[in-house]
Amino acid sequence: QVQLVESGGRLVQAGGSLRLSCAASGGTFSSRAMGWFRQAPGKEREFVAAIIWSGSTTLYADSVKGRFTISRDNAKNTVYLQMNSLKPEDTAVYYCAIHRSRYLSTNQDTFDYWGQGTQVTVSS
């Protein structure tokens, strides 16, 4: 059974940094793209970042470009999201997900497996 477990979310002041981790188990996902999404209170879940199976290519939402960095360690079945220069509008539950293929996508419907999420709160 595939399981994704996110960690690293917490309360942080604006301008601070956080590193989220997502550990996958129940399979080998080195051939799949992976991504991060977030959902703020009262809003729909939105794309944040994605990384191709090899880690060589990444994709970011415009709202986080230049501040967030996605990376992965296939040996550990883990994907990371380094978040710098955090803003109050980054407050959300952050979810990691595994794509159905090795290619990048921002479409949530093309991601097969999802974690339970980790809360990130940025205070002003």
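First things first, this report covers the structure right here in the doc. (Residues numbered from 1 in each chain as written. Predicted model: local features only at pLDDT ≥ 70, side-chain atom pairs only at ≥ 80, totals over all residues. Heavy atoms only, no water.)

### With respect to the environment of E44
Tracing the backbone shows E44 in the loop between β4 (34–39) and β5 (46–51). Taking the relative accessible area as the measure of exposure, E44 reaches 70% and is therefore exposed. (Helix = DSSP H or I, 4+ residues; strand = E, 2+ residues; numbered from the N terminus. Buried < 20%, exposed > 50% of the residue type's maximum accessible area, 1.4 Å probe, protein only.)

### Topic: the nonpolar core
In this structure, W36, L81, M83 and Y94 are the most contacted members of the largest nonpolar core, which totals 33 residues. Of all the elements in the fold, those that place two or more residues in this core are β3 (18–25), β4, β5, β7 (68–73), β8 (78–83), β9 (92–99) and β11 (118–123). (Core = buried A, V, L, I, M, F, W, Y, C linked by side-chain atoms within 4.5 Å.)

### Some remarks on the pairing of β8
Extensive coverage of β8 is indicated by the burial of 5 of its 6 residues. As judged from the 6 bridges shared by β3 and β8, these two strands associate in the antiparallel manner. Bridging across to β8, A23 finds its partner in T78. Note that β7 and β8 share 6 bridges and pair antiparallel. Within β8, the position partnered with S71 by the bridge is Y80. Between β7 and β8, which pair antiparallel and follow one another directly, the connecting turn spans 4 residues, one of which, N77, has a positive phi of 55 degrees. (Pairing = 2+ DSSP bridges.)

### Some remarks on unusual backbone geometry
The residue N77 is not glycine, and still its phi comes out positive at about 55 degrees. Examined against the element boundaries, N77 turns out to sit in the loop between β7 and β8. Owing to a relative accessible area of 17%, N77 belongs among the buried residues under this scheme. Look at S85: it is not a glycine, yet its phi comes out positive at around 50 degrees.

### Some thoughts on the packing of aromatic side chains
Per the stated rule, a full pass over the model turns up 5 aromatic pairs. An angle of 75 degrees between the planes, with centres 5.7 Å apart, marks the rings of F37 and F47 as edge-to-face. Taken as a pair, F37 in strand β4 and F47 in strand β5 lie far apart in primary sequence, 10 residues in all. With respect to burial, F37 and F47 carry one shared label: buried. Where F37 meets F111, the ring centres are 5.0 Å apart and the plane angle is 80 degrees; that geometry is what we call edge-to-face. One end of the pair, F37, is in strand β4; the other, F111, is in strand β10 (residues 111–114), with 74 residues separating them in the sequence. Comparing F37 with F111 shows no difference in burial state: the two are buried. Members of the aromatic cluster, joined through ring pairs, are F37, F47, F111 and W114. Directly above the aromatic system of Y95 lies the positively charged group of R45, at a separation of 5.3 Å from the ring centroid. Here R45 stacks its cationic end above the ring of W114, 3.8 Å away from the centre of that ring. (Phe/Tyr/Trp six-rings, centres within 6.5 Å; stacked < 30°, edge-to-face > 60°. Lys NZ or Arg CZ within 6 Å of the ring centre and 35° of its normal.)

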